[in-house]
Amino acid sequence: MSIKNVRLEVMNFLEKDIESLIEKYLIPVETIWQPSDFLPNSEGPNFFEEVKEIRELSKELSYDFWVVLVGDMITEEALPTYESWLMDVEGVNQVGRNGWAKWVRHWTAEENRHGDVLNKYLYLSGRVNMKEIEQTTQHLIADGFDIGTAQDPYKNFVYTSFQELATYVSHNRVAKLAKQKGNKQLAKMCKIISGDEMRHHHAYSEFVERIFAVDPSQMMLAFQYMMKQKITMPAHFLRESGGKISTIFEEFSNTAQRIGVYTSMDYIEILQKLIKRWEIDKITGLTDEAEKARDYLMKLPSRMIRLAERMKIPENSYQFKWVEPAKL
C-alpha cells in the first residue's frame, strides 16, 4: 500500500472520534467569548468615553509593541489561507462534509474571532495606519503561503501543533506587556486569545499522538521532515504596500525578539515540549529509518541552542508603514 493510501486509511480510522474531539477542544458559539465582550458598546451611552480611554491607554505602549500587535493581528486575519490549506489535506473531504472537514470549519470559526477583536481594537486605538495594515493583510491572503506540508495530514498536524503553541506564547507575552503598562482590557483580551491557541494546540497534539499509536514510523519521519526544514511562520510572506515579498517578516521577527514576545529560544522550547508530549524517546516498533529520525529529533534541541546563543538581534527598529512614530 502506498504512503498516501496509508495516510488516508489512518485519517479515516481516526475520523470516528472527531465528534468527541470537537466536544473536548472547541466551545459552542453561544458559550464562547465574542469580540464585543472586549470592545466599547457602540449602542451604549458611554461609547465615546470608552474609546477615549482606549486611546489614552494606548499612548503608554511602545513602537515595538504596536508593531508586534499589528503583526499578530495580520497573521490572524489571514485565516482564509489557513482554512483553504487545511481543507485540501488528504482525508479532509469538504464535498462529503466528513468529520475532518467539520473540525476545520469549527476550528476556523473560533480562530476568526481573534483577528476581528484585534482589528477593531487597533482601529479604535488611533495609533496605527489602518490602510497600510489592510493592504498588508490583503497582500498576505492574496500571496498565500507554503508551509512545506503539501497535502500530508501528518506534516500538517505537526505544523499546527507547533504553530498553535507559538501563537499562544506570542499573545500571552503581549498580554503581559500590556498589563505592565496598566492596559488591563487589552491584556485580558490577548490573554483569552492565547487561551484559545493553547486549547487548539492540545487538540492538534492529540491528533499526532493518535497517529503515533497506529503509524509510528511514518509519523516520526513526518516530524523529522518538518523540523529539518524548520517551521515556517504563517506570515512569512508579509509585505507592505508597494513592495515585494522580501525581508519584512525578518524585520517583524527581530522586533518580536527584541521585546521578548517570541524568540529563537521559544522556538526551541516548543520543540522540546512536543518531544516530551509525544514521548518520542519511548515510541517502539520503528523502522531503521524512523529510528534514525528519532535520534535526529532528540539531538536537535541542543544543536539549536548552540546556534541561538550566537544570534544577535539588531538594536534599531525597522520603520514599518503600519505604525507611525509621530503618533506615539
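Thresholds applied
- Residues numbered from 1 in each chain as written.
- Predicted model: local features only at pLDDT ≥ 70, side-chain atom pairs only at ≥ 80, totals over all residues.
- Heavy atoms only, no water.
- 1 Å grid on protein atoms, 1.4 Å probe; cavity = no way out; pocket = protein on both sides within 12 Å on 5 of 7 lines; lining within 4 Å.
- Points joined across faces, edges and corners; volume = space filled by probe spheres on them.
- Helix = DSSP H or I, 4+ residues; strand = E, 2+ residues; numbered from the N terminus.
- Nonpolar A, V, L, I, M, F, W, Y, C, P; charged D, E, K, R; others polar.
- Phe/Tyr/Trp six-rings, centres within 6.5 Å; stacked < 30°, edge-to-face > 60°.
- Buried < 20%, exposed > 50% of the residue type's maximum accessible area, 1.4 Å probe, protein only.
- Lys NZ or Arg CZ within 6 Å of the ring centre and 35° of its normal.
- UniProt positions renumbered as here; feature names shortened; annotations may be inferred.
- Contact = heavy atoms within 4.5 Å.
- Expected span 1.5 Å × (residues − 1).
- Arc of directions from axis to C-beta.

A water-sized probe rolled over the atoms picks out the places where empty space is left. According to the stated counting rule, one finds two cavities of 30 Å³ or more in the structure shown. For the largest cavity, the calculated volume is near 240 Å³. In terms of lining residues, the largest cavity is bounded by 18 residues, among which Tyr82, Trp107, Tyr159, Gln163 and Pro234 are the most central. Put simply, the parts of the chain that give the lining of the largest cavity at least two residues each are helix H4 (63-77), helix H5 (79-87), helix H6 (99-125) and helix H8 (153-180). For the lining of the largest cavity, the element with the most residues is H8, which contributes six residues. Here the lining of the largest cavity is composed, by residue class, of nine nonpolar, five polar and four charged. Approximately 40 Å³ is the volume found for the second largest cavity. With three residues, H6 is the single largest residue contributor to the lining of the second largest cavity.

Inspection of the entire model under this criterion finds 19 aromatic pairs. Ring centres of Tyr318 and Phe320 lie 4.7 Å apart, and the angle between their planes is 75 degrees; this geometry places the pair in the edge-to-face category. A residue is classified by how much of its surface remains accessible, and Phe320, at 1% relative accessible area, is buried. One cation-aromatic arrangement involves Arg113 over Trp33; the distance from NZ or CZ to the ring centre is 4.0 Å. Residue placement shows Lys155 over the ring face of Tyr225; its charged tip is 3.7 Å from the ring centre.

UniProt annotation of "binding site: Fe cation 2" (unreviewed entry) refers to Glu111, Glu164, Glu197 and His200 when read in the numbering used here. These residues run over 90 residues, yet every pair of their C-alpha atoms falls within 10.5 Å of each other. As for the largest cavity, its lining draws on Glu111, Glu164 and Glu197 from among the annotated residues. Inspection of the secondary structure assignment puts Glu197 in helix H9 (residues 184-214). Relative accessible area serves as the criterion here: at 1%, Glu197 is assigned to the buried category.

With that out of the way, let us pick up the UniProt feature "binding site: Fe cation 1" (unreviewed entry) in the chain. Under the present numbering, the feature "binding site: Fe cation 1" (unreviewed entry) in UniProt falls on Glu76, Glu111, His114 and Glu197. Across 122 residues in sequence, these annotated residues keep their C-alpha atoms within 11.1 Å of one another, forming a single compact spot. Of the annotated positions mentioned, Glu76, Glu111 and Glu197 line the largest cavity. Topologically, Glu76 is positioned in helix H4. When its relative accessible area of 7% is taken as the criterion, Glu76 is described as buried. Once you skip the residues sitting within four places of it in the chain, Glu76 turns out to touch Glu111, His114, Gly115, Leu118, His171, Ile193 and Glu197.

What follows concerns helix H1 (residues 3-14). Here H1 spans 17 Å end to end across 12 residues, near enough to the 16 Å set by a 1.5 Å rise per residue. Of all the residues in H1, the buried ones are Arg7, Val10, Met11 and Leu14. Taken end-on, H1 shows its buried residues confined to a sector of 100 degrees, consistent with a single buried face. Of the surrounding elements, those touching the buried residues of H1 are helix H2 (18-25), H6, H8, H9 and helix H10 (216-229).

With 15 residues, H4 extends 21 Å between its outermost C-alpha atoms, agreeing within 8% with the 21 Å of an ideal straight helix rising 1.5 Å per residue. With 15 of its 15 residues buried, H4 lies for the most part within the structure.

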